[in-house]
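A structural walkthrough
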Amino acid sequence: MAVLIQSDLENLKRRLLILSAEVEERVQHSVLALLNGDVDLAEQVKNGDDRIDSLEIELEEECLKVLALHQPVANDLRFIVSVLKINNDLERVADFTVNLAERAIDLKRLNPGECPFDIKSMASRVKIMLRSALDSLMNQDSVLARATIKMDDEVDRTHSENYEKVKKVILAQPQRLDELVYYLSISRYLERMGDLATNIAEDVVYQIEGQIIRHSGMQI
């Protein structure tokens, strides 16, 4: 029985790796579409969402199958619970890449002026967070997971600063309202992706240490 469950757990890990790689690629492509005004690439991101949904459903079904067959406890149970939650968070990250792709298409149509904030820099921070969160999972590294959680403060601060920058430009150039609202939504989507990377890191801490730190206000 122990050999069988370990084989099934490795299968879950492989499936999660595949989903992670797909989502990371979509993050990269959606940001490139924004930065380059690449409508074709944006459409590819949008059209690829069904594959992410399928991978997410398949992984969830495999998790439930392992729970039913093996009735795992302790570390194995925490691992499966973490995979279920991370699976959902990755699917939500992918949803936000669709939102970013839609904004790329909207902005291209408007032929906008310069963005009031640095999209590339903020997106880079979020991508680092996501990669660190996934590395902490695959390497079973709670120290890296906790470091990832701390990164979210900078992303939140950047989003607050972006809000103020956009507000100032709206007051000075109200004729740009539509495009500026799109820019602000981009900042919000990136901030939410950072939140989801944080969720993943928090689940890694739970899986390894058995400690729930989400919403706890604990020092990390």
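Quick summary incoming for the structure in this document. The shown structure was predicted, so the numbers you read here are calculated from the model rather than taken from an experiment.

**Topic: unusual backbone geometry**
Glycine aside, residues mostly have negative phi angles, and peptide bonds mostly take the trans form. Although it is not a glycine, Asn 111 adopts a positive phi angle of roughly 50 degrees. Residue position: Asn 111 is located in the loop between helix 4 (74–110) and helix 5 (119–138). Here Asn 111 falls in the exposed class, since its relative accessible area comes to 66%. One non-glycine residue, Gln 140, adopts positive backbone phi at about 55 degrees. Inspection of the secondary structure puts Gln 140 in the loop between helix 5 and helix 6 (142–172).

**So, the side chain of Arg 26**
Residue position: Arg 26 is located in helix 1 (residues 2–36). Overall, Arg 26 belongs to the buried group, its relative accessible area being 7%. In this view, Arg 26 contacts Gln 44, Val 45, Gly 48, Asp 49, Ile 52, Ala 94, Thr 97 and Val 98; residues no more than four positions away in its chain are not counted.

**Examining the packing of aromatic side chains**
Throughout the structure, instances matching the rule amount to one aromatic pair. Arranged with centres 6.0 Å apart and planes meeting at 40 degrees, the rings of Phe 96 and Tyr 189 form a pair that is tilted. Here Tyr 189 lies in helix 7 (residues 177–209) and Phe 96 lies in helix 4, a separation of 93 residues in the sequence. Taken individually, Phe 96 and Tyr 189 each receive the classification buried, so the pair is uniform in this respect.

**What to know about helix 6**
Counted at 1.5 Å a residue, the expected span for helix 6 with its 31 residues is 45 Å, and the 47 Å between its end C-alpha atoms agrees. For helix 6, the set of buried residues is Ser 142, Ala 145, Arg 146, Thr 148, Ile 149, Asp 152, Val 155, Thr 158, His 159, Asn 162, Val 166 and Val 169. The inward-facing, buried residues of helix 6 abut helix 5 and helix 7. The residue sitting at the N-terminus of helix 6 and contributing the capping side-chain oxygen is Asp 141; that oxygen lies 3.1 Å from the backbone nitrogen of Val 143.

Scoring rules and cut-offs
- Residues numbered from 1 in each chain as written.
- Predicted model: local features only at pLDDT ≥ 70, side-chain atom pairs only at ≥ 80, totals over all residues.
- Heavy atoms only, no water.
- Helix = DSSP H or I, 4+ residues; strand = E, 2+ residues; numbered from the N terminus.
- Buried < 20%, exposed > 50% of the residue type's maximum accessible area, 1.4 Å probe, protein only.
- Contact = heavy atoms within 4.5 Å.
- Phe/Tyr/Trp six-rings, centres within 6.5 Å; stacked < 30°, edge-to-face > 60°.
- Expected span 1.5 Å × (residues − 1).
- Polar contact = N/O pair within 3.5 Å; in protein donor to acceptor, adjacent residues only side chain to side chain.

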